[in-house]
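# Reading the structure
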Amino acid sequence: MTTKFTPDHEYIRIEGDTGIVGITQFAQEQLGDIVFIELPAIGKVLKKGDEAAVVESVKAASEIYAPVSGTVSEVNAALSTEPGLVNADPEAGGWMFKLTLADVTETETLLDDAAYADLTK
Amino acid sequence: MSMNSQGRPTGIGTLGTSATGSALLPEEPLLFEIGDTDHSGVDLPDVELGEDRLGDFARRSPLDLPGLTEPEAMRHYVRLSRLNHSIDSGMYPLGSCTMKHNPRLNEKIARLPGFADIHPLQPFSTVQGALAVMDQLSHWLMTLTNMAAVALSPKAGAHGELLGMMAIKAAQDARGEAGRRIVLVPESAHGTNPATAAFLGYTVKAVPARDDGTVDVEAVKAALSSEVAAIMLTNPNTCGLFEPQVIDIARAVHEAGAFFYCDGANFNAIMGVVRPGDLGIDAMHINLHKTFSTPHGGGGPGAGPVVLSEALAPFAPVPFLRKTSGGIELVEHVGEQALGRVTAFQGQMGMYVRALTYMLSHGGDGLAQAAQDAVLNANYIKARLEAVFSVPFPDYPTMHEALFDDSFLKGTGVSTLDFAKALIDEGFHPMTMYFPLVVHGAMLVEPTESESKQTLDRFCDVMLALAEAAKAGQSERFTGAPFKAPRRRLDETRAARQPVLKWERESEVPQAAE
Amino acid sequence: MLGAIGAADVDALFSAVPASALKSFSLDLPTHSPEYLVEAHMRALAGKNRAAGDGPFFIGAGAYRHHVPATVDHLIQRSEWLTAYTPYQPEISQGTLQMLFEFQTQVAKITGMDVANASLYDGSTGTAEAVLMARRLTRKSRIILSGGLHPHYRDVVKAYLKDDQDLICLSPSPEGQGDILDHIDVNTAAIVVQTPDFFGHLRDLQAAADAAHAQGALLIVVVTEVVSLGLLEAPGALGADIVVCEGQSIGNALNFGGPYLGLMATRKEFVRQMPGRLCGETVDAEGNRGFVLTLSTREQHIRREKATSNICTNSGLCALAFSIHMALLGEAGFVRLARLNHARAIALAEAVAAVPGVSVLNKNFFNEITIRVAQPAVGLVERLAQRGILAGVPASRLLPEAPEVDDLIVLAVTELTTESDIASLCAALTEELA
């Protein structure tokens, strides 16, 4: 299991041919209190960089992009009643959606831990 | 810093007491908590219907609509009103919002039965005076802007902007140039500009601002192509600066076959001094509630007439005026190819009457004076504050509003928002914050021509004293502010996470945790 | 002040303006004028209008002349209401915010819907916004407008959706014929049904809702005479998904067409796709109840090109007038007012039906009916106006493209219409049609 990052502060945790997508600790701190999350429809086919979800804080709305191409296989339904999970626990309980990856090798172009840490220094 | 008995800071203060729950400002319940379904403040005959003509559609579900008696209503709304800041009770240094004095003659005239009690669909022969008001207002607007035509009907500035861009689209379609899909919008634009362009299906392309806060004609030229439909430019711009290259920008836009939409939100800075038609503008909306003193009313109603160039005049929406030997009529229908109608009836007549009253009171000379006074006041604030509050774009004199940034707060632990909230405790409405977006921690101050030098000085004194307090480490008087308003800071996260958008009886409120 | 600024004169402050454009003209406009002269000028213009209250008056068609209690106009002229800005600073705007929360509650109650917004410009633009909202919600595109929809509302929707192949506008339906259900298909995002419709007929909302929902479409209900909701079943109880009303009838004068008040209400689950401002309840730092504008990420100042609409104004003062008037009425007063209007309309319908040459087209109605006069209505209405009677709206003024309505007049009454007004109308009609 590896976790990769995008320069737009999404993470994707790769388990076999499935990727679990959310936003990073750094991103949730920047956004502040999250009040609503619009999740993608299950079955939606996303290309890398497509708008997949929208995260709303009180004063801002931010698009979440698909880190890699794939098909949405599951969404975190708990977020509809408890969007604060993204603030409290972004990289575990606050995950947003799962993708069945179209091409596992695509993840190689993403940032690893060290590169992402550099970016947010 | 000194503290009062509740541990709240005193000091610079201009307000006497803490307002929350004070003797003259009691807590006011919701009308539903005071009223009852059998309370009524209106004496109406209780007629018996013999056989009704409602078919099967009579109401069966309960209304459950509590009412108030007349004295209850009077007290409820008077008490609530006192929880509002208003231009009549204090200064609103709100950049881009133009909170100027609202003369009461306007209100008196708008209530004459000959204006207030006439129906939009009366025969034209019975409303010649109303049509003359529209005609005279049109004349003033076209003369002040040196434009060929005006469409009065838009309900507010954003609506006018939509109409103006629809007219541009219609003109391009008529020329067989429907392929123009891009609208250029400078980064400093009002949020409505990209929203309007996107609404009409255009792709928005941002034009970067120069370091001096203005738009570079070369950047516009670089962005222009045969696919560009229009540029949407605010002038004076949202940084409070007059675009020095506006005429060159207009020329470049026209040479590329595109149109020039000007957001006229800031026309109050130049009315009677500069005519937009002389700058090459094709369409511009005018916020009657900003420039011509119709009241803001707690968020509307506004009015947003749009002036149009010769090229766009044929694409004006209905209705418009036509003079005949028998008087003035409204043209309410034209062919399908035109833009059509953007609102029922003829728009915001109540606002036309107020704006025309204001224009007649001021005259052409007085309107120019008002613009120049607004610019003078803004420059005075800038001059008094610029040693402490940094000015991001110092190269030009400012127009009607002065833009500062929050770099003076660096290291104080006080945010722009905190600073603005502390102004409330001093009796001022906060300035516009975090807009325009091109400046980090922007603070935009617009005094308007209505404020006296004495008020400007008091405002500047307070601003300087607060800056000093922030730098002196008195962060708690900011981070907790306001202390003296009817409410402390409100929990907006809670409001958005669990929206409660109406009152419900206890029994109807769903239990929290399922 | 110039000294402090370091400018020689005010012109120096306009140095960024190209010289060719600065004061390069002389304005052909009058100079400033004292208050009494301005008032005289405006009074003279007002005097050239025939006010509704000057004689018998039967015009409706989307704007209605009702009594507005003196308390309403007194209160809305208070400085703190009239001259306040949009309540973006909630700590010093609790008056406006609490009022909006109460207003939203009142609108939700009379429409029978879960939630209402803090108002839109008017009913016509509200209808266009509702159509766009339905497309966002259903991700479908076909919109069907009933032939009973106010023609101006239809035209506004057409302008907003210019050249849209998926907009179906049905022909005017002056006889109240069912005209919409057969057109609904699986690609339909919404149908738009007005009740009472433009011709005064009451429409079967339940049937419309059932037919729409069966195809996954939404029902948008338009109400131009909001007083009717005192007597007619709430659209929300009949399956409406979005309700748009023109709220002018309550608290607001005719004003020759504006400012008016758009009401919009919907189901709870659709609220994030609803345009316009919303006020919500919360608490302040000391735990006291307070109100704020909320869910504002839908709006243009944050979403910019991704906003739900380009609207950035509501109709605040008109909403205040509505809310005060509605509070003064309460349930008891609102129902009485509606009953009074309906009783007057029954009296009108019976009286005009007895005039030779007049037939009434409506079986069911609230306070507005359509009559056929067997001659061009425009000329007749103009002749009646010369006699001092404003006898309704010739349908052809709004529907010039439909020759079949040339002989129709839409007539409205309210609580202000007297028996003698009705008698005068009938007498004049009898003479003109003889």
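Per chain, residues are indexed from 1 in the order of the written sequence. Key to labels: chains lettered from A, ligands numbered from 1, both in the order written. pLDDT decides what is reported in this predicted model: residues at 70 or higher carry local features, side-chain atom pairs at 80 or more are listed and counted, and totals for whole chains, interfaces and linings draw on all residues regardless. With hydrogens and water excluded, all non-hydrogen atoms of the structure serve as input to the side-chain values.

Applicable threshold: UniProt positions are given in the numbering used here, feature names are shortened, and annotations may be inferred rather than shown by experiment.
If you check an unreviewed UniProt entry, chain A appears there as Glycine cleavage system H protein from Devosia oryzisoli. The heading Sequence similarities (unreviewed entry) in the UniProt record of chain A holds the text "Belongs to the GcvH family."

### A few points about the overall build of chain A
The cut-off we apply is this: A run of H or I in DSSP becomes a helix once it reaches four residues, and a run of E becomes a strand once it reaches two; helices and strands are each numbered from the N terminus. With C-alpha atoms as the basis for the radius of gyration, the globule rule is written as 2.2 Å multiplied by the number of residues raised to the power 0.38. Pairs of residues are marked as contacts when any of their non-hydrogen atoms sit within 4.5 Å. His is not counted, nor are the chain ends; Lys and Arg add positive charge and Asp and Glu add negative charge. Where a charge sits is defined by one atom per residue type, namely NZ (Lys), CZ (Arg), CG (Asp) or CD (Glu).
The secondary structure content of chain A amounts to 4 helices and 9 strands. Shown N-terminal to C-terminal, the secondary structure of chain A runs as helices and strands in the order β-β-β-α-β-β-β-β-β-α-α-β-α. Here chain A has a C-alpha radius of gyration of 13 Å; the compact-globule value for 121 residues is 14 Å, and the two agree. Counting only C-alpha atoms and orienting by the principal axes, one finds that chain A spans roughly 35 × 35 × 20 Å. Long-range contacts, defined as pairs at least 24 residues apart, comprise 57% of the intrachain contacts of chain A with a sequence gap of at least 6. In chain A, 8 side chains carry a positive charge and 21 a negative one; their mean positions are 2 Å apart.

### What about the interface of chain B and chain A?
What counts, and what does not: Put simply, buried area is the surface a 1.4 Å probe can reach on two separate parts but cannot reach once they are joined, added for both. One speaks of a salt bridge when a side-chain nitrogen belonging to Lys or Arg is within 4 Å of a carboxyl oxygen belonging to Asp or Glu. Each residue gets one label: Ala, Val, Leu, Ile, Met, Phe, Trp, Tyr, Cys and Pro are nonpolar, Asp, Glu, Lys and Arg are charged, and the others, such as Gly, are polar.
Counting residues at the interface gives 4 residues for chain B, matched by 8 residues for chain A. Of the roughly 490 Å² buried between chain B and chain A on both sides combined, carbon and sulfur atoms contribute 52%. Put simply, chain B and chain A have 0 salt bridges between them. Of the residues assigned to the side of chain B that touches chain A, the class counts are 1 nonpolar, 1 polar and 2 charged.

### A look at the domain arrangement of chain C
All names here are of chain C. Note the following rule: Where each domain starts and ends follows an automatic or database-derived domain assignment. Throughout this description, a polar contact denotes any pair of N or O atoms lying within 3.5 Å of each other; where both atoms belong to protein, one of them has to be capable of donating a hydrogen while the other can accept it, and for residues adjacent in sequence the pair is counted only when both atoms sit in side chains.
Each assigned domain of chain C is listed here: domain 1 (56-68 + 331-433) and domain 2 (70-325). Between domain 1 and domain 2, the C-alpha centre-to-centre distance is 27 Å. Contacts between domain 1 and domain 2 engage 35 residues on the former and 33 residues on the latter. Interface of domain 1 and domain 2: buried area, both sides summed, is about 2700 Å²; carbon and sulfur atoms make up 68% of it. Counting across the interface, domain 1 meets domain 2 through 2 salt bridges. Inspection of the domain 1/domain 2 interface yields 10 residue pairs in polar contact (both at pLDDT 80 or more). Those elements giving two or more residues to the side of domain 1 that touches domain 2 turn out to be α10 (316-353), β11 (368-372), α12 (395-398) and β13 (408-412). With 7 residues, the top contributor of residues to the side of domain 1 that touches domain 2 is α10.

### What about helix α2 (residues 70-81) of chain B?
Helical periodicity: at 3.6 residues per turn, an α-helix aligns residues three or four positions apart in one direction. Rule in force here: Helix span, as expected, comes to 1.5 Å for every residue beyond the first. Burial classes: relative accessible area under 20% of the type maximum marks a residue as buried, over 50% as exposed, and values in between as partly exposed (1.4 Å probe, protein chains only). Think of it as the arc spanned by the lines of direction from the helix axis to the C-beta atoms.
Compared with the 16 Å implied by 1.5 Å per residue over 12 residues, the 16 Å span of α2(B) between its first and last C-alpha is a close match. Those residues of α2(B) not exposed but buried are B:Ala73, B:His76, B:Tyr77, B:Leu80 and B:Ser81. Projection of α2(B) onto a plane perpendicular to its axis shows the buried side chains occupying an angular sector of 125°, all on one side. Away from its buried face, by an angle of more than 90 degrees, α2(B) presents the exposed residues B:Pro71 and B:Arg75. Looking at the buried side of α2(B), the elements it contacts are α1 (31-34) of chain B together with α3 (70-76), α4 (79-82), α5 (94-111) and α10 of chain C.

### A short note on the packing of helix α12 (residues 416-425) of chain B against helix α13 (residues 453-471) of chain B
All names here are of chain B. Cut-off, in case you're wondering: Helix axes are fitted only over the stretch in contact, all axes being lines through C-alpha atoms; the angle between N-to-C directions runs from 0 to 180 degrees. An angle below 35 degrees is read as roughly parallel, one above 145 as roughly antiparallel, one from 65 to 115 as roughly perpendicular, and any other as oblique. Take the far helix as the reference: if the near one is turned anticlockwise from it by less than a right angle, the crossing is left-handed, and if turned clockwise, right-handed.
Closest axis-to-axis distance for the α12/α13 pair is 11 Å, and the angle between their directions is 130°. Viewed along their axes, α12 and α13 adopt a mutual orientation that is oblique. Considering the relative orientation of α12 and α13, their crossing is right-handed. On α13, the residues touching Phe419, Ala422 and Leu423 of α12 are Phe459, Val462, Met463, Leu466 and Ala467. Tallied by class, residues from the contact of α12 with α13 come to 8 nonpolar, no polar and no charged.

### Concerning the packing of aromatic side chains
How we decide: To pair, rings of Phe, Tyr and Trp, with the six-membered ring standing in for Trp, must have centres within 6.5 Å; the planes then decide the type, stacked if under 30 degrees apart, edge-to-face if over 60, and tilted in the middle. Placement of a positive charge over a ring is assigned whenever Lys NZ or Arg CZ falls within 6 Å of the ring centre and within 35 degrees of the normal to the ring plane.
Per the stated rule, a full pass over the model turns up 17 aromatic pairs over all chains. With a centroid separation of 6.4 Å and an interplanar angle of 70°, the aromatic rings of B:Tyr92 and C:Tyr85 are classed as edge-to-face. Pair noted here: B:Tyr92 is in the loop between α2 and α3 (104-110) and C:Tyr85 is in the loop between α4 and α5, and the two residues belong to different chains. The same class applies to B:Tyr92 as to C:Tyr85, namely buried. Relative to C:Phe199, the ring of C:Phe198 has its centre 5.1 Å away and its plane inclined at 75°; by these criteria the two rings are edge-to-face. Among the aromatic side chains, those forming a connected cluster through ring pairs are B:Phe389, B:Phe404, B:Phe408, B:Phe419 and B:Phe478. Just above the ring of A:Trp95 sits the side chain of A:Lys98; from NZ or CZ to the centre is 5.1 Å.

### Comments concerning the side chain of A:Ser57
Tracing the sequence through the fold places A:Ser57 in strand β6 (residues 51-57). A distance of 3.5 Å separates a polar side-chain atom of A:Ser57 from the backbone oxygen of A:Leu31. Residues in contact with A:Ser57, not counting those within four places in the same chain, are A:Leu31, A:Asp33, A:Ile34, A:Val35 and C:Thr297.

### Some details on a negative patch on the surface
All names here are of chain A. Going by this rule: Here the term patch refers to residues with relative accessible area over 30% and no salt bridge, with like charges joined within 9 Å and nonpolar side chains (Val, Leu, Ile, Met, Phe, Trp, Tyr) within 5 Å. All accessible-area figures derive from a Shrake-Rupley calculation using a 1.4 Å probe, and residue coverage is judged against the displayed protein chains alone.
On the surface, a cluster of negative charge is contributed by Asp89, Glu91, Asp112 and Asp113. Mapping aspartate 112 onto the fold places it in the loop between β9 (97-101) and α4 (113-119). According to the relative accessible area criterion, aspartate 112 is partly exposed, its value standing at 38%.

### A word on the UniProt feature "modified residue: N6-lipoyllysine" (unreviewed entry) in chain A
All names here are of chain A. The UniProt feature table records "modified residue: N6-lipoyllysine" (unreviewed entry) at Lys59. Following the sequence through the fold, lysine 59 ends up in the loop between β6 and β7 (61-65). Accessibility expressed as a relative area gives 55% for lysine 59, which makes it exposed.

### Things to note about the nonpolar core
Quick note on the threshold: Note on terminology: a nonpolar core comprises buried Ala, Val, Leu, Ile, Met, Phe, Trp, Tyr and Cys residues joined through side-chain atoms within 4.5 Å.
Counting residues in hydrophobic clusters, the biggest one holds 107 residues, and the most contacted among them are B:Tyr77, C:Phe322, C:Val352 and C:Leu429. No other element matches the 21 residues that α10(C) contributes to this core. Residues in contact with B:Tyr77, not counting those within four places in the same chain, are B:Leu31, B:Leu68, C:Leu75, C:Trp81, C:Met99, C:Glu102, C:Leu320, C:Ser323, C:Ile324 and C:Ala327.

### Side note on the environment of C:Asp28
Structurally, the position occupied by C:Asp28 is in the loop between α1 (2-5) and α2 (35-46). Between the alpha carbons of C:Asp28 and C:Val378 there is a distance of 39 Å; along the sequence they are 350 residues apart. Among all residues touching C:Asp28, those that are not within four sequence positions of it are B:His139 and B:Thr143.

### A closer look at the interface of chain C and chain B
Interfaces are often sized by the accessible area lost when the parts come together. If you look at the interface, chain C gives 185 residues, while chain B gives 189 residues. Carbon and sulfur atoms make up 63% of the area that chain C and chain B hide from each other, which totals about 16100 Å². In terms of surface lost to chain B, no three residues of chain C exceed C:Glu91, C:Phe256 and C:Arg397, which account for 6% of the buried area on that side. For the interface between chain C and chain B, the tally reads 11 salt bridges. Taking the shortest distance from any N to any O, the salt bridge between C:Asp122 and B:Lys155 comes out at 3.5 Å. Viewed at the interface, chain B and chain C are joined by 96 residue pairs in polar contact (both at pLDDT 80 or more). No other element matches the 23 residues that α10(C) contributes to the side of chain C that touches chain B. When the residues that make up the side of chain C that touches chain B are grouped by side-chain class, the tally is 94 nonpolar, 53 polar and 38 charged.

### Brief notes about the sheet that holds β11(C)
Residue and element names in this part refer to chain C. The line we're drawing: For two strands to be treated as a pair, DSSP must find at least two bridges joining them.
Strand order in the open sheet formed by 4 strands is β10-β11-β13-β12, and the pairing between neighbours is antiparallel. Both outer strands of the open sheet, β10 (359-360) and β12 (393-394), are each paired with one neighbouring strand and no more. With 2 bridges joining them, β10 and β11 adopt antiparallel strand pairing. By the bridge assignment for β11, valine 360 is matched with isoleucine 371. Along the sheet face, helix α11 (residues 377-386) touches β12 and β13 and points at about 45° away from the line of β13.

### With respect to the UniProt feature "domain: Lipoyl-binding" (unreviewed entry) in chain A
Summarizing the sequence annotation, UniProt attributes the feature "domain: Lipoyl-binding" (unreviewed entry) to residues 18-100 of chain A in the numbering used throughout. Within the segment residues 18-100 of chain A, helix and strand shares are 18% and 42% respectively, and the terminal C-alpha atoms sit 5 Å apart.

### Side note on the side chain of B:Thr145
Residue and element names in this part refer to chain B. With respect to the element layout, threonine 145 can be found in helix α5 (residues 128-145). On the basis of relative accessibility, which here comes to 0%, the residue threonine 145 falls in the buried class. Aside from chain neighbours lying at most four places away, what touches threonine 145 is Phe267, Arg275, Pro276, Gly277, Met284, Ile286 and Val307.

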